[in-house]
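Listed below are the residues making up each chain.
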Amino acid sequence: MEKYYILFALCLYIPTALCLSEEMQELVNMLHGTCIAESGVSEDIINKVNADKMMIDDENLKCYIKCLLSQTGCISDDGVVDIDATIELLPPEMKEVGTPIVKKCGAKTGANPCESAWLTHKCYLEMNPEVYTLY
């Protein structure tokens, strides 16, 4: 089950068509529901980020992203994204696209763990908006 959580984290900024089987979509939906409930973010904000390809500065959205990364084991409790682990976990077909994005963005540091997660994903989005999707 853990491999699916890791793959889910990578699918946050990789084209949906390459990532989501039926089983994967089920896990995404479960994590999405968990993190919506935990963070209080509205679906409208997530939909707006996906439609406009611009990150919204919203505290609940920040904590939603932190929750997703926490659930997938891609961020420490104090909000540090593990860059090497993220690159190591990229599927072979995405290494060429994903590695430069992850390396260039690094692990952003914000005022708290939620903001750190958000800043890191904001960078992913800005680096390649065509493939970024926030679930």
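What you see is a predicted model; the values in this text were computed from it and never measured. (Residues numbered from 1 in each chain as written. Predicted model: local features only at pLDDT ≥ 70, side-chain atom pairs only at ≥ 80, totals over all residues. Heavy atoms only, no water.)

(A) Spatial organisation of the overall build of the protein. Within the protein one finds 8 helices and 0 strands. Listing every helix and strand of the protein by position from the N terminus yields α-α-α-α-α-α-α-α. Within the span of the protein, comprising 135 residues, buried residues form 48% of the whole. Considering only contacts within the protein whose residues lie at least 6 apart along the sequence, 62% involve residues at least 24 apart. With the model as given, the accessible surface of the protein reaches about 6,800 Å², and the carbon-plus-sulfur share is 52%. (Helix = DSSP H or I, 4+ residues; strand = E, 2+ residues; numbered from the N terminus. Buried < 20%, exposed > 50% of the residue type's maximum accessible area, 1.4 Å probe, protein only. Contact = heavy atoms within 4.5 Å. Areas by Shrake-Rupley, 256 points an atom, 1.4 Å probe, with all protein chains shown as cover.)

(B) Here's a closer look at the state of the cysteines. Counted according to the given criterion, the structure contains 3 disulfides. Across a sulfur-sulfur distance of 2.1 Å, Cys105 and Cys123 are joined as a disulfide pair. Handedness of the Cys105-Cys123 disulfide follows from its S-S torsion of about -85 degrees: it is left-handed. Residue Cys105 is located in helix H7 (residues 95–105), and its partner Cys123 is located in helix H8 (residues 113–127); the two are separated by 18 residues in the primary sequence. (Disulfide = S-S within 2.5 Å.)

(C) The arrangement of the side chain of Lys66 in detail. Note on placement: Lys66 falls in helix H5 (residues 59–72). Put simply, Lys66 is tucked away with no salt bridge, and the nearest opposite charge, on Asp77, sits 5.1 Å away. Residues contacting Lys66, with those up to four places away along its chain left out, are Ile75, Ser76, Asp77, Pro113, Cys114 and Ala117. (Lys, Arg positive; Asp, Glu negative; His and termini not counted. Salt bridge = Lys/Arg side-chain N within 4 Å of Asp/Glu carboxyl O.)

(D) Spotlight on the packing of aromatic side chains. Scanning the entire structure with this criterion turns up 0 aromatic pairs. For the cation-ring pair, Lys62 lies above Trp118, with the distance from its terminal atom to the ring centre recorded as 4.6 Å. (Phe/Tyr/Trp six-rings, centres within 6.5 Å; stacked < 30°, edge-to-face > 60°. Lys NZ or Arg CZ within 6 Å of the ring centre and 35° of its normal.)

(E) Main features of the packing of H7 against H8. Here H7 crosses H8 at 135 degrees, and the two axes come no closer than 9 Å. In terms of orientation, H7 lies oblique with respect to H8. Of the two elements, H7 crosses H8, and the hand of that crossing is right-handed. For the pair formed by H7 and H8, the contact residues are Pro100, Ile101, Val102, Lys104 and Cys105 on the first element and Cys123, Tyr124 and Met127 on the second. (Axes fitted to C-alpha atoms, helices over the stretch in contact; angles between N-to-C directions. Parallel < 35°, antiparallel > 145°, perpendicular 65-115°, else oblique. Left-handed = near helix turned anticlockwise from the far one by under 90°.)

(F) Looking closely at the nonpolar core. The biggest cluster of nonpolar side chains holds 29 residues, and the ones touching the most others in it are Met55, Leu61, Tyr64, Ile65 and Leu134. Mapped by element, the contributors of at least two residues to this core are helix H3 (22–39), helix H4 (43–52), H5, helix H6 (83–88), H7 and H8. (Core = buried A, V, L, I, M, F, W, Y, C linked by side-chain atoms within 4.5 Å.)

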